[in-house]
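# Fold and geometry: a report
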Amino acid sequence: MASERSAIPITVFTGFLGAGKTSVILSLLPKLPPGYKAVLLKNEYGDIEVDSKLANESSLTGVSEILNGCMCCVLVGQMQTALLEIRDKFRPDRILIECSGSAFPATLAFQIREIERQTDGDLKLDAIVTVVDAENFVGYEDQSPTARMQASYTDIILINKWEHVSERQLDEVIDHLNTLNDTTPKIKCQGRNGVDPKLIFGLQSKLFLEPSSLDEEDTAHHDEVETATLFSGGTLEKHPHNHDECSACKNNSSHSHSHASQGLEREALTKALQSLSKENTWRVKGFLRLSDNNSATPSVYVLNWAFGRYELSAVKSESASDYLKDDELIRLTVMGERGEVKGVARRLADTIGANVL
């Protein structure tokens, strides 16, 4: 019974696409006490497990990922199942939930409060933490009701990427945040060092304590973001469509082995990413092989692009098959403004020699 042992606190991280939620979470881990068991439940658009692959290489006790939807609404049943499975399998000291970029904190918190009641307090909401991208918040806050909701309903706001903006721009971001929420503490992340866990753990949130009916608007927020999958090489057996009639499959099949053996030129990738507009393209993430000059075998990298900036993280050669199959070259998810993403994805695919699903 929950009364006989400590409740498992749940810390929820929200924030718009590319705000840096995963980086903030991973930065906390080295600062936790030895033996501290933290499990991450990650929710993301698309069907490519990018962040969970990276998280699996960290000191997390376990990682679970829910893909292809938002667990604060359409996948809420999966969230409840995942939380109970994490409790029963790991009995961690803390569960960290990383939401998709469009998650409404209110609807998610209501669901966790309900689980809290169902488990007699064995699982307990500790805090909702919102990560804000200082470099782009003023732009996407104007476009996205979700971004405004995330900044409004939270226990603490972490301002990330502030070192990329001027003092005047940072003041403008803080002014916007104060307009939305003038009572919640706002803390600047310290680059790769993130923040001290003591600042965000143990807050014992008082948000959403009472059950409440949800507005219809809350259930349609995931329409803000559209996704497209880029691929080259490999097979598409996981994807539900007619391979015989799909021209992408035919093109992909004829070039898969040559692509995998050659790899993508780094210069071509850089040029393709530089052509993306952050006005309608918000994230590109996934795995690809690059032709490195010092190796006859293309190396596998994890790509994370957000609002014009990107990182490439090399994968250890012995782990490469966990990211891409031997005959795969590219698997990426493009996320952005609804109605624009398919066109963006096609142009990007043409540039790097990929196909769009």
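Residues numbered from 1 in each chain as written. Predicted model: local features only at pLDDT ≥ 70, side-chain atom pairs only at ≥ 80, totals over all residues. Heavy atoms only, no water.

## Here we look at the overall build of the protein
- Looking only at helices and strands, the protein features eleven helices and 13 strands.
- Across the 357 residues of the protein, 53% fall into the buried class.
- A separation of at least 24 residues holds for 77% of the contacts in the protein among residues at least 6 apart in sequence.
- For the protein, the exposed surface amounts to about 16,400 Å²; the carbon and sulfur share of it is 45%. (Helix = DSSP H or I, 4+ residues; strand = E, 2+ residues; numbered from the N terminus. Buried < 20%, exposed > 50% of the residue type's maximum accessible area, 1.4 Å probe, protein only. Contact = heavy atoms within 4.5 Å. Areas by Shrake-Rupley, 256 points an atom, 1.4 Å probe, with all protein chains shown as cover.)

## Notes on the nonpolar core
- Counting 40 residues, the largest nonpolar core has Phe-13, Leu-96, Leu-158, Leu-177 and Ile-200 as its most contacted members.
- Taken together, the elements giving at least two residues each to this core come down to helix 1 (21–28), strand 2 (38–44), strand 5 (123–133), helix 5 (137–143), helix 6 (145–152), strand 6 (156–160) and helix 7 (167–180).
- Beyond its immediate sequence surroundings of up to four residues, Leu-96 is in contact with Thr-11, Phe-13, Ile-25, Ala-38, Val-39, Leu-40, Leu-41, Leu-60 and Phe-201. (Core = buried A, V, L, I, M, F, W, Y, C linked by side-chain atoms within 4.5 Å.)

## Some points on unusual backbone geometry
- One non-glycine residue, Arg-91, lies in positive phi territory at about 45°.
- The class for Arg-91 is partly exposed, based on a relative accessible area of 21%.
- Positive phi outside glycine occurs at Gln-204, with the angle close to 50°.
- Structurally, Gln-204 can be placed in the loop between helix 8 (197–200) and strand 8 (225–233).
- Exposure remark for Gln-204: the relative accessible area of 52% places this residue in the exposed category.

## Section: the confidence of the model for the protein
- Averaged over every residue, the pLDDT of the protein is 82; residues scoring 70 or more account for 79%.
- Per-element confidence in the protein ranges from a low mean pLDDT of 46 for helix 9 (residues 247–262) to a high of 97 for strand 6.
- pLDDT under 50 marks residues 213–221. Its contacts with residues more than four places away, or in other chains, come to 13 contacts.
- Note that pLDDT drops below 50 for residues 236–260; the model gives that stretch 34 contacts with residues more than four away or on any other chain. (pLDDT = per-residue confidence, 0-100.)

## With respect to the packing of aromatic side chains
- The full count for this structure, using the stated rule, is two aromatic pairs.
- A centroid spacing of 5.3 Å and a plane angle of 85° characterise the contact between Phe-287 and Tyr-323, whose relative ring orientation is edge-to-face. Note that Phe-287 is positioned in strand 9 (residues 281–290) and Tyr-323 in the loop between strand 11 (309–314) and strand 12 (328–337), a separation of 36 residues in sequence.
- Positioned above the aromatic ring of Phe-201 is the side chain of Arg-94, whose terminal nitrogen or guanidinium carbon lies 4.0 Å from the ring centre.
- Lying across the ring of Tyr-301, Arg-266 places its NZ or CZ 5.2 Å from the centre. (Phe/Tyr/Trp six-rings, centres within 6.5 Å; stacked < 30°, edge-to-face > 60°. Lys NZ or Arg CZ within 6 Å of the ring centre and 35° of its normal.)

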